[in-house]
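Chain residues, written in single-letter form:
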Amino acid sequence: MKIVVIGGTGLIGSKLVTKLAEHGHEAVAAAPDTGVDTLTGEGLAEVLTGASTVVDVSNSPSFERAAVLEFFETSTGNLLAAEAAAGVGHHVALSVVGTERMPDNGYFAAKIAQERLIENSPIPFSLVHATQFFEFVRSIADEATVDRKVHVAPVRFQPIAGDDVAQAVGRVAVGSPLNGRVEVAGPEQFRMDEFFREALVAWGDSREVVTDPQARYFGSVPGERTLVPGEGATLGQTRYRDWLDRTATGK
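Analysis parameters
Residues numbered from 1 in each chain as written. Predicted model: local features only at pLDDT ≥ 70, side-chain atom pairs only at ≥ 80, totals over all residues. Heavy atoms only, no water. Core = buried A, V, L, I, M, F, W, Y, C linked by side-chain atoms within 4.5 Å. Buried < 20%, exposed > 50% of the residue type's maximum accessible area, 1.4 Å probe, protein only. Helix = DSSP H or I, 4+ residues; strand = E, 2+ residues; numbered from the N terminus. Contact = heavy atoms within 4.5 Å. Pairing = 2+ DSSP bridges. Axes fitted to C-alpha atoms, helices over the stretch in contact; angles between N-to-C directions. 1 Å grid on protein atoms, 1.4 Å probe; cavity = no way out; pocket = protein on both sides within 12 Å on 5 of 7 lines; lining within 4 Å. Points joined across faces, edges and corners; volume = space filled by probe spheres on them. Nonpolar A, V, L, I, M, F, W, Y, C, P; charged D, E, K, R; others polar. Expected span 1.5 Å × (residues − 1). Salt bridge = Lys/Arg side-chain N within 4 Å of Asp/Glu carboxyl O.

Tell me what's going on with the nonpolar core, and back it up with residues and numbers.
Among the nonpolar cores identified, the biggest contains 33 residues, and F157, M192, F195, F196, W203 and Y240 are the most heavily contacted of them. Those elements that place two or more of their residues in this core are α3 (65-86), α4 (106-120), α5 (137-143), β7 (149-152), α7 (192-203) and α8 (240-249). Here this core takes six residues from α7, the largest share from any one element. What F195 contacts, discounting residues up to four positions off in sequence, is V137, F157, P159, F190 and Y240. Listed in part, the 22 residues of the second largest apolar core include L16, A130, A166 and A168.

I'd love a proper account of the sheet that holds strand β3 (residues 53-56), names of residues and values included.
Across the sheet, seven strands lie side by side as β2-β1-β3-β4-β5-β9-β12; this open sheet has parallel pairing. This sheet does not close on itself; its edge strands, each paired only once, are β2 (26-30) and β12 (234-235). In this sheet, β2 lies alongside strand β1 (residues 2-6) in parallel orientation, the contact comprising five bridges. Looking across to β2, one finds that V5 is bridged to A29. α4 contacts β3, β4 (90-96), β5 (125-130) and β9 (181-185) of the sheet and is inclined by roughly 165° relative to β4.

Explain the environment of G7 to me, using residue names and the numbers behind them.
As for its placement among the helices and strands, G7 is situated in the loop between β1 and α1 (11-22). The class of G7 is buried, set by a relative accessible area of 14%. C-alpha of G7 to C-alpha of A30: the two residues are 23 residues apart in sequence and 5.9 Å apart in space. Once residues lying within four places of it in the same chain are set aside, the contact partners of G7 are G13, A30, V57 and S58.

Run through empty space enclosed by the protein, naming residues and quoting values.
Under the defined criterion, the tally for this structure stands at one cavity of 30 Å³ or more. Approximately 80 Å³ is the volume found for the largest cavity. The residue makeup of the lining of the largest cavity, split by class, is nine nonpolar, one polar and two charged.

Please set out α7 residue by residue, giving values where relevant.
Here α7 contains twelve residues, and its C-alpha end-to-end distance of 16 Å stays within 8% of the 16 Å for a straight helix at 1.5 Å per residue. G204 occupies a position one or two residues after α7 and carries a positive phi of about 75°.

Requested: an account of the pattern of salt bridges, with residues and values cited.
A complete count under the given rule lists ten salt bridges for this structure. R191 is paired through a salt bridge with D193; the nearest N and O atoms lie 2.7 Å apart. With a closest N to O distance of 3.6 Å, R241 and D245 form a salt bridge. With R241 and D245 both in helix α8, this residue pair falls four residues apart, about one helical turn. Salt bridges sharing common partners tie together E100, R101, E115 and R181.

As structure tokens, this is what we get:
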């Protein structure tokens, strides 16, 4: 099966391309540095020739509200049009757990807009909603830092390893279209402030974590369960502390 991975040179995309190839599929990484630009449409017709499935794990280079909305609307619109012309039979997109529960967040609103385009397209589709990646949690702490204090709300938090996300997306990609969504998350659920308090100690980071019910998550105040999945989610196998230990030792 030829599977084109949009954003195939990024964190999740590169892992996904490797996993699909290991299982005998023709996995093609499509990104600006491989000559494919979903914003302009450059290279799309060529790379989609003969493709059965397209997996979109691309991300906006800017998280500014207008910029991220423009990115997902333009890139997804161009991609779906090119897929229809090429006869692609399955569109898979990676999204975020909780988008509909925090629509005032600019990034989440842009992902909602992307999903609506996909759902309204004639192409059969599957949406994979993932929680925050382990690889991203330091950035969350940095974004929440004011004067060397990390302000975090005491809400539920269930991050997942990038490898586990790629595995889940790969399974969906080689299966039949869901015409709906699945949720994927890590095996452990935490209170977010407690997670970061323990994580900063493990990182050897001296910043203080402040429990703040009004703390914002990239501009919005999350609810108790905004960032965690509902019942029936697929859970990854990797625990954060194990992942951190492996990362530190380079294994």
